[in-house]
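Working through the structure, step by step
Residues per chain, in single letters:
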Amino acid sequence: MRNLKWLFVFTLMACCCMACYNKRPSSGALTQVEYTDKQIDSLRFVMTHHYSENFNFVVRADSMMLTRQIPEEWVNDLPVDSFSVLHDQRLVVADIRIIPNDTIDSVWVQLALDQANFGWIHESQLLENVDPDDPISQFISFFSNEHLLIFLFILLLIFVGYTMRLMVKHNAHIVHFRDIDTFYPTLLALIVAFSATLYSTIQLFAPQTWRHFYFHPTLNPFTQPLLLALFISSVWLMIIVAIAAVDDTFRHLKVGEAMLYLLGLAGMCGLNYVVFSVSTLYYVGYPLLILYISFAFWRYFRHTRSKYICGQCGMQIHQKGRCPHCGALND
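Residues numbered from 1 in each chain as written. Predicted model: local features only at pLDDT ≥ 70, side-chain atom pairs only at ≥ 80, totals over all residues. Heavy atoms only, no water.

Considerations on the overall build of the chain
Inclusion rule: Where helices and strands are cited, they refer to DSSP runs of H or I of at least four residues and of E of at least two residues respectively, numbered from the N terminus. Buried residues are those whose accessible area, probed at 1.4 Å on protein chains only, stays under 20% of the maximum for their type, while exposed residues exceed 50% and partly exposed ones sit between those limits. A contact between two residues is defined here by any heavy atoms of the two lying within 4.5 Å. Surface exposure here means Shrake-Rupley accessible area, sampled with a 1.4 Å probe, where a residue is shielded only by the protein chains that are shown.
A count of helices and strands for the chain gives 12 helices and 11 strands. Per-residue burial for the chain yields a buried fraction of 39% across its 331 residues. Taking contacts inside the chain between residues at least 6 apart in sequence as the whole, the part at least 24 apart equals 61%. For the chain, the accessible surface area stands at approximately 20,300 Å², while carbon and sulfur atoms represent 62% of it.

Here we look at the layout of surface pockets
The condition is simple: With a 1 Å grid spanning the protein atoms alone, the term cavity applies to any set of points in which a 1.4 Å probe fits but cannot get out, the term pocket to an open set with protein on both sides within 12 Å along at least five of seven lines, and the term lining residue to any residue with an atom within 4 Å of a point. Grid points are joined across faces, edges and corners, and a volume is the space filled by probe spheres set on the points. In the scheme used here, Gly and all other residues not listed as nonpolar or charged are polar, with Ala, Val, Leu, Ile, Met, Phe, Trp, Tyr, Cys and Pro taken as nonpolar and Asp, Glu, Lys and Arg as charged.
Taken as a whole, the largest pocket holds about 870 Å³ of empty space. What lines the largest pocket is a set of 31 residues, among which Phe139, Phe143, Val235, Met238 and Tyr273 lie closest to the centre. Those elements giving two or more residues to the lining of the largest pocket turn out to be helix 6 (135-143), helix 7 (146-169), helix 8 (184-205), helix 9 (207-215), helix 10 (226-252) and helix 11 (255-279). Counting residues per element, the lining of the largest pocket draws most heavily on helix 10, which supplies eight residues. In terms of residue class, the lining of the largest pocket is made up of 27 nonpolar, four polar and no charged. Its volume calculated, the second largest pocket comes out at about 580 Å³. Lining the second largest pocket are 26 residues, with Ser141, Ser144, Asn145, Tyr199 and Gln203 sitting closest to its centre. Breaking the lining of the second largest pocket down by element, the ones donating at least two residues are strand 7 (130-132), helix 6, helix 7, helix 8, helix 9 and helix 11. The leading source of residues in the lining of the second largest pocket is helix 9, at four residues.

As for the side chain of Thr249
How we decide: Counted as a polar contact is a pair of N or O atoms within 3.5 Å, where, for protein atoms, one must be capable of donating a hydrogen and the other of accepting one, and residues adjacent in sequence contribute only when both atoms are in side chains.
Locating Thr249 in the fold gives a position in helix 10. Engagement of the side chain of Thr249 in a polar contact is seen with the backbone oxygen of Ala245, the distance being 2.6 Å. In contact with Thr249, other than residues within four places in its own chain, are Ile180, Pro185, Ala258, Tyr261 and Leu262.

A word on helix 10
Quick note on the threshold: By this rule, a helix spans an expected 1.5 Å times one less than how many residues it contains.
The first and last C-alpha atoms of helix 10 sit 38 Å apart over 27 residues, in line with the 39 Å expected at 1.5 Å per residue. Where helix 10 is concerned, the buried positions are Leu228, Ala229, Phe231, Ile232, Ser234, Ile240, Val241, Ala244, Ala245, Asp248 and Thr249.

Re the nonpolar core
Which entries qualify depends on this criterion: Here, nonpolar core means buried Ala, Val, Leu, Ile, Met, Phe, Trp, Tyr and Cys residues that are tied together by side-chain atoms lying within 4.5 Å of each other.
Ranked by internal contacts, the top residues of the largest apolar core, which has 34 residues, are Met164, Met167, Leu188, Tyr261, Leu265, Phe276 and Tyr292. At the level of secondary structure, the elements contributing two or more residues to this core comprise helix 7, helix 8, helix 10, helix 11 and helix 12 (285-304). Take this core: its biggest share by element is 11 residues, from helix 11. If sequence neighbours within four positions are ignored, Leu188 has contacts with Met238, Val241, Ala242, Leu265 and Cys269. In this structure, Phe55, Val109, Leu111 and Ile232 belong to the second largest nonpolar core, which totals 29 residues.

Side note on the packing of aromatic side chains
Keep this limit in mind: Note on aromatic contacts: the rings of Phe and Tyr and the six-membered ring of Trp form a pair at centre separations within 6.5 Å, being stacked when their planes are under 30 degrees apart, edge-to-face when over 60 apart, and tilted otherwise.
Evaluated as defined, the whole model comprises 21 aromatic pairs. Taken together, a centroid distance of 5.7 Å and an interplanar angle of 50° make the contact between Phe276 and Tyr292 tilted. Placement of the pair is Phe276 in helix 11 and Tyr292 in helix 12, with a sequence separation of 16 residues. Following the ring pairs from residue to residue traces out a cluster consisting of Phe45, Tyr51, Phe55, Phe57, Tyr214 and Phe215.

Description of the environment of Pro135
Here Pro135 is to be found in helix 6. For the pair Pro135 and Pro217, spaced 82 residues apart in the sequence, the C-alpha separation amounts to 9.1 Å.

Note that all results are geometric; they support no functional claim without further evidence.
Set out below in structure tokens:
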């Protein structure tokens, strides 16, 4: 109970620290501003494309080609000169131009490497090869790669299988099966599964919300729409519960056993992320999440939680009878 109290206090303090944000201007103030046609077009572009001039990108691909000449010359099949930008180079959006008669992509983006080097590229080709210059955006892009998810799933299956075999061989503790008497590891696995399901739900039902978050990431849940606020809050909760789970594991087990248990817990959380984030895209994740939550609670409250205290040594025991710690008989 003491740990739960401290966990609640820490969560409340973290929420208070993130709760500060600028108040939006009133609607009356907005109606007094008169915009030019160009400004209105720019605002519409930002609302649908989520970036604008002076936005910063970083090259994700090995290289990317930019055209020095204006888009009209490329569209009219005039000779053009191009140059490449390499992986990890920073680019700034200098201009955006709409070319209606371009059959490939009507949106052209001018990028600047520095004050002397500028180049144009189709927006579709640009977004395939760059990420917003923000570590959170790059993290999202990295873990959204389908090939990476498949590779990660296979790797996690091997890791979990080997870890489980090692645990069974050494009769070690395993989350959900031969668990230790603390709810934090189970809670952590459930939060990861819920967060992965929520992550895919946003991509399914609110893709523009997720796209805007990708271009303008934040760790503050209080300024975001409901689904996104729930997801960011679950990520914060995941970090807090993970700290509590590690701390409680070392209280219940010796160092070697605790490390082996935490390896199994990490493998289980990784497996939950891959399984639920992928299965939810095909709507299978929702019933699977309900079954997993039911299974986890049933295993913990039926087989893991200690219901009694030994009258001789004061240690927690799962059932009446002989105490496994001191050997005393408890009726």
